[in-house]
Amino acid sequence: MIAVVPTYLAAAILGTLTRNWNMPLLMIAPWIMFIAGVPMLGLTTLMTALRRSAKGGLIYTAAVGSVY
């Protein structure tokens, strides 16, 4: 959400000011950003959990990897 909202607003404002915008593409842009961002967020969360659980032992790392 932090990256999608400002990018979408900038595209909408620039499209409105220049009157040169593609409405269907503007409507699906947030979904494309969401679909690209969710796997990155998941991998970041996984790597953070693996790094933190490495101090606690192998069982936690295996559990986090299995759940993911």
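Throughout this description, residue numbers start from 1 for each chain and increase along the sequence as written. Predicted model: local features are reported for residues with pLDDT of at least 70 only, side-chain atom pairs are reported and counted for 80 or more only, and whole-chain, interface and lining totals are derived from all residues. Processing note: side-chain calculations cover all non-hydrogen atoms of the structure and skip hydrogens and water entirely.

**Things to note about the overall build of the protein**
What counts is decided by this rule: We count a stretch as a helix when DSSP gives it H or I for four or more residues in a row; a strand needs E for two or more, and each element gets its number in order from the N terminus. Accessible surface area values rest on a Shrake-Rupley calculation with a 1.4 Å probe, where residue burial reflects the displayed protein chains alone.
Secondary structure assignment for the protein yields 3 helices and 0 strands. The order of helices and strands in the protein, counted from the N terminus, is α-α-α. Accessible surface, the protein: about 5,700 Å² in total, of which carbon and sulfur atoms supply 75%.

**Some remarks on the packing of aromatic side chains**
Formally: Note on ring pairs: Phe, Tyr and Trp rings are taken, using the six-membered ring of Trp, and paired if centres are within 6.5 Å. Classes follow the plane angle, with under 30 degrees stacked, over 60 edge-to-face and the rest tilted.
In total, this model carries 1 aromatic pair according to the counting rule given. Considering the side-chain rings of Trp31 and Phe34, the 6.4 Å spacing of their centres and the 85 degrees angle between planes classify their relative orientation as edge-to-face. Residue Trp31 and its partner Phe34 are both found in helix α2 (residues 23-53); the two are separated by 3 residues, about one turn of the helix.

**Here's the deal with the environment of Leu46**
Within the secondary structure, Leu46 is located in helix α2. Linking Leu46 and Val67, residues 21 residues apart in sequence, is a C-alpha distance of 9.8 Å.

**Focus on helix α1 (residues 4-18)**
For the α-helix, the turn length of 3.6 residues means that residues three or four positions removed from each other point alike. The condition that has to hold: In a helix, the anticipated span is given by 1.5 Å times the number of residues less one.
Between the first and last C-alpha of α1 there are 21 Å, a value that for 15 residues agrees with the 21 Å anticipated at 1.5 Å per step. Directly beyond the C-terminal end of α1, a positive phi value near 55 degrees is found at Arg19.

**Topic: a nonpolar patch on the surface**
Note the following rule: Excluding any residue in a salt bridge, patches collect residues exceeding 30% relative accessible area, merging like charges within 9 Å and nonpolar Val, Leu, Ile, Met, Phe, Trp and Tyr side chains within 5 Å. Basic side-chain nitrogens of Lys or Arg form a salt bridge, by our definition, when they fall within 4 Å of a carboxyl oxygen of Asp or Glu. Exposure categories follow from relative accessible area, calculated using a 1.4 Å probe and restricted to protein chains: below 20% of the type maximum is buried, above 50% is exposed, and the middle band is partly exposed.
Together, Trp21, Met23, Leu25, Met27, Ile28 and Ile32 line one region of the surface with nonpolar side chains, adding up to about 600 Å² of accessible area. Here Trp21 falls in the partly exposed class, since its relative accessible area comes to 43%.

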